[in-house]
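Structural features, examined
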Amino acid sequence: MAHDFSVIGRMLPRVDGLAKATGQTRYADDLDLPRMLYGRLLRSTCAHARIVRLDTSRARALAGVHAVITGRDLPVKFGILPVSQDEHALALDKVRFVGDPVAAVAAVDEETAERALELIDVEYEPLEAIMTIDQALARDHVRIHDYGDGPANVHKMVALEFGDVEYGFRQAEYVREDVVFYQGSTHLPMEQHAAVASYEADGKLTVWTSTQTPHYVHRALAKVLEYPAGRIRVIATPVGGGFGGKSDPFAHEIVAAKLSMLTGRPVKITCTREEVFYLHRGRHPELLWVRTGFTRDGRITAMHFKAFLDGGAYGSYGVATLYYAGALQTTTYRIPAYRFEGLRVFTNKPPCGPKRGHGTPQARFALEVHLDRAAADLGLDPVELRRRNLVEPYSMTVNHLRITSCGLRECIDRVVEASGYLERRGRLGPGRGLGFAVSAYLCGAALPIYWNEMPQSEVQIKIDRGGGVTVYSMAIDIGQGSDTVLASAVAEVLGLDPAEVALVTADTDLTPIDLGAYSSRVTFMAGNAAVEAARQMRGRIFQAVAEKLEVPVELLAARGGRIFNMEKPELGLEWVEAVRVAEARWGLLLTSGSYRPPRLAGPYKGSGVGPSPAYSYTACVAEVTCDAETGWVTVDRVWLAHDIGRAINPLLVEGQIEGSVYMALGEALMEEQVFRRGVHKFPSMLEYKSPTTLEAPEIHSFLVESVDPEGPFGAKEVGQGPLLPVVPAVVNAVADALGVRIDEVPLTPDKVRAALADRERGGPGRVGPRGVPAVRFKDPIRVQPP
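Note that this is a predicted model, so its numbers are computed, not measured.

**Brief notes about the environment of D100**
- In this fold, D100 is placed in the loop between β4 (94–95) and β5 (101–107).
- Separated by 87 residues in sequence, D100 and P13 place their C-alpha atoms 42 Å apart.
- D100 has contacts with L42, R43, S44, K94, V95 and Y314, leaving out every residue within four places of it along the chain.

**Here we look at the side chain of D514**
- If you trace the backbone, D514 turns up in the loop between β21 (501–505) and α15 (522–549).
- Exposure remark for D514: the relative accessible area of 0% places this residue in the buried category.
- Filtering out sequence-adjacent residues up to four positions away, D514 remains in contact with H215, Q456, S457, M474, A475, R521 and A526.

**Some remarks on the pairing of strand β27 (residues 633–643)**
- Judged by how many residues are buried, β27 sits mostly within the fold: 8 of 11 residues are covered.
- When strand β26 (residues 615–626) meets β27, the two strands line up antiparallel, connected through 10 bridges. In the sheet register, E623 faces β27, and the bridge partner there is R637.
- Two successive antiparallel strands, β26 and β27, enclose a turn made up of 6 residues, where G631 displays a positive phi of approximately 85°.
- Sheet analysis places β27 next to strand β30 (residues 698–704), joined by 7 bridges and oriented parallel. Paired with D643 across the two strands is V704, which belongs to β30.

**A look at the packing of helix α6 (residues 214–225) against helix α7 (residues 251–263)**
- Running from N to C, α6 and α7 point in directions that differ by 50°, and their axes come no closer than 10 Å. Put simply, α6 runs oblique to α7. In the crossing of α6 with α7, the sense of the turn from one axis to the other is right-handed. Facing V217, L221, V224 and L225 of α6, the residues of α7 in contact are E253, I254, A257, K258 and M261.
- Taken together, the residues that form the contact of α6 with α7 break down as 7 nonpolar, no polar and 2 charged.

**Considering helix α18 (residues 726–738)**
- For α18, spanning 13 residues, the distance from its first C-alpha to its last is 18 Å, which sits close to the expected 18 Å at 1.5 Å a residue.
- Of all 13 residues in α18, 13 are buried, a share of seventy percent or more.

**Side note on the environment of G311**
- Summarising the element assignment, G311 is placed in the loop between β14 (300–310) and α9 (318–327).
- Judged by relative accessible area, G311 falls into the buried class, the value being 0%.
- Distance from G311 to V345, taken between C-alpha atoms, is 5.6 Å for residues 34 residues apart in sequence.
- Sequence-distant contacts of G311, that is, excluding residues within four places in its chain, are made with H284, R344, V345, P351 and C352.

**Here's the deal with unusual backbone geometry**
- A cis amide bond, omega 10°, links V745 with the succeeding residue P746.
- Structurally, the position occupied by P746 is in the loop between β32 (744–745) and α19 (749–760).
- Positioned with a positive phi, A506 is a non-glycine residue whose angle comes to about 55°.
- Tracing the chain through its elements places A506 in the loop between β21 and α15.
- Even without a glycine there, the phi angle at E550 is positive, about 60°.
- When you line up the elements, E550 lands in the loop between α15 and β22 (556–559).
- When its relative accessible area of 71% is taken as the criterion, E550 is described as exposed.

**Quick word on the pattern of salt bridges**
- Throughout the structure, instances matching the rule amount to 53 salt bridges.
- Between R233 and D507 there is a salt bridge, with the nearest N and O atoms lying 2.6 Å from each other. Highlighted residues: R233 in strand β11 (residues 232–236) and D507 in the loop between β21 and α15, separated in sequence by 274 residues.
- Exposure remark for D507: the relative accessible area of 5% places this residue in the buried category.
- Where salt bridges share partners, they join R176, D178, R373, D377, D743 and R766 into one cluster.

**Notes on the side chain of E583**
- Within the secondary structure, E583 is located in helix α16 (residues 575–586).
- There is a polar contact of 2.8 Å between the side chain of E583 and the side chain of R465.
- With sequence-adjacent residues up to four places away left out, E583 is seen in contact with R465 and L589.

**Topic: the packing of aromatic side chains**
- This model, assessed by the stated rule, comprises 14 aromatic pairs.
- Considering the side-chain rings of F97 and Y314, the 6.2 Å spacing of their centres and the 80° angle between planes classify their relative orientation as edge-to-face. Taken together, the residues span a long stretch of sequence, with F97 in the loop between β4 and β5 and Y314 in the loop between β14 and α9 at a distance of 217 residues. Assigned by exposure class, F97 and Y314 land together as buried.
- Ring-pair connections join several aromatic residues into one group, and the members of that group are F162, Y338 and Y604.

**Quick notes on the nonpolar core**
- Formed by 118 residues in total, the largest nonpolar core has its most connected members in F305, I412, V415, F436, V624 and V730.
- Once residues within four sequence positions are removed from consideration, I412 is found in contact with V383, R387, L390, F436, V438 and A619.
- Core analysis: the next-biggest nonpolar cluster, separate from the first, contains 58 residues, I463, A546, V551 and W575 among them.

**Things to note about the pairing of β5**
- β5 sits mainly inside the fold: 7 of its 7 residues count as buried.
- By the bridge criterion, 5 bridges tie strand β3 (residues 65–70) to β5 in an arrangement that is antiparallel. Bridging across to β5, V68 finds its partner in V105.

**Looking at the sheet that holds strand β13 (residues 286–294)**
- In spatial order, the strands read β32-β8-β13-β14-β15-β7-β34; together these 7 strands make up an open sheet with mixed pairing. A strand with exactly one partner marks an edge of an open sheet, and here the two such strands are β32 and β34 (781–783).
- Where strand β8 (residues 174–182) meets β32, 2 bridges bridge the pair, whose relative direction is parallel. Looking at the pairing, Y182 lines up with V745 of β32.
- The strands that α9 touches are β7 (154–162), β13, β14 and β15 (338–345); relative to β15, the one it contacts most, it runs at about 150°.

Reading guide: rules and limits
Residues numbered from 1 in each chain as written. Predicted model: local features only at pLDDT ≥ 70, side-chain atom pairs only at ≥ 80, totals over all residues. Heavy atoms only, no water. Helix = DSSP H or I, 4+ residues; strand = E, 2+ residues; numbered from the N terminus. Contact = heavy atoms within 4.5 Å. Buried < 20%, exposed > 50% of the residue type's maximum accessible area, 1.4 Å probe, protein only. Pairing = 2+ DSSP bridges. Axes fitted to C-alpha atoms, helices over the stretch in contact; angles between N-to-C directions. Parallel < 35°, antiparallel > 145°, perpendicular 65-115°, else oblique. Left-handed = near helix turned anticlockwise from the far one by under 90°. Nonpolar A, V, L, I, M, F, W, Y, C, P; charged D, E, K, R; others polar. Expected span 1.5 Å × (residues − 1). Salt bridge = Lys/Arg side-chain N within 4 Å of Asp/Glu carboxyl O. Polar contact = N/O pair within 3.5 Å; in protein donor to acceptor, adjacent residues only side chain to side chain. Phe/Tyr/Trp six-rings, centres within 6.5 Å; stacked < 30°, edge-to-face > 60°. Core = buried A, V, L, I, M, F, W, Y, C linked by side-chain atoms within 4.5 Å.

Printed below as a string of structure tokens:
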């Protein structure tokens, strides 16, 4: 019960909030070391080309230049996934997108480094560029990489079938197909990527970097530099926004380290805003096809999904992204038979990767607009259609995903009631409408990137004689509030205030392992490790205090900075005194906790993507006003209910919901990573359209607490899940307002006008893709349902 907690469930300020609000937080670019040099990267101006000649002699001769390196100095490939080690820190013989790094310079200042780049002569032999999914599939004579799942530029192809799909469709009394397109977008973090490397005389290499995954940067540095991991230290500096865009190891981190090793001086590389657009790793553009069979009363009998992903130039997390495109549809609806076919292609564009919701917003968009149309055809309310198919708590899906707590039904009830959806939909008048959608998301991936039996998160707690509590964890706060979560969890167990808990985080020399801030895993996994370490510490302190006070341990409680007898509260010790008694009893007060998810993967190849120890759930209603003359769409209000398990800090949860809504509206209405002649059309925050505060609607947040039995205090994720239903809810609202269908996001004014014009001509009033490529997928892996 919430009233049993003293910290959990309270709307407390972030432990790092004041430092960030007052500008005291030091980001990677704020670091300034003695004798530091400045690095810059020369990037390709060709989308696809062979490097015929690369002459760095003029740059090396420039006064103030200390080192110039090329791909020959860093020949070892790297990548985040073991199956996609396809990048060089500096291109060796070939460039694969405009922005691919080909050489690097270290100089006394950035201006000199920039002049040196201008003195590097590169001669390219242009190759035919592949810029679309269709081109990648059709042009077999052009190969971006010499590996893949074929044909042509297919990076990875997947075909899975669970249950008897054909039988399911034969049982259907109504079958519907839809095709949609979801454009790519980038993360747009406030902080640009930056790294500082320092190679010391004792052979120790230290790299400070703005990253979500210090553990994987550490691995990549050791591999590419061919240097012992034990002599490399990675410190993740505070991250000024990541959203998945800082989850890969990057060339500038490796190059800064190499330049420091060559010069014996610290080297800083801070990427420009334009470079950040080319680093990318953002949302994959996806073409999706969905076919579903229903009974007359709206029960799903079978579903078939196809996904075509434009992956850009390199692998990144793309194989996982592809599997995610098909994995989570079953976590919200009971689907008795399910087939997924998908492929990811290479193109000559900046590589795509994970962006908030990794691989799932596109498929969720396809599914939720598809269900709205099916409901209309069946004569059902869209909410009722979903309710009739909702997944049950503590059940197994057809593709072997374990569902534990599930507050989706309550989420739906909350937003439907608050918005008046059932009474107001279709009755708001011309140009105004309501849309509805639901979703689910992971609380961390059950399997690590490099499969092993070791814990995914570990936490240590040390207490000093003055009563100071320090938590050591490699988890990195990327703005989502993970530092506050860890401090709150430990403070709750020890009876302290979160502000009294110090944190040492994200340092590979000082902190125990945590795999990083991705897949919404930190609250669940690092949180559980922190709770375990804190309970061990509390046990030691309680034992010592019990002996001192001569009371049974079971009668002790920790709250308000005291350890006391619950039956006689006046009998107890202040925290500092209790700590000293405990140190006298046990010696050094140091405990640890760790978390490894249960074994959840299903019995088939590809089952490693999708399982999670728990899933969060979200329901959303959006209200829009549309101008039929201009095509302009204004989102007036959003009602969003999120099953958080238990809110460790409701203030942070609401902040994550509002941030998710804001980012989703950008993807729904304006953001797009588009190219012209191989070049990004607007790699600038001035021209890349993203919502401002002026576009922010009223957001009504509802926290649903299903109390997951395996989460820390019952908590689940909130960093990514709330984004997912917003985009389809907005698109469904536009359909309600105007009676037209835009099957392509971003939903821009010109598309709205085109759909209205289509209807005026007697057409269906639709804009969107007309079909999918005629690809012959491999025979599916057939899996029996659990």
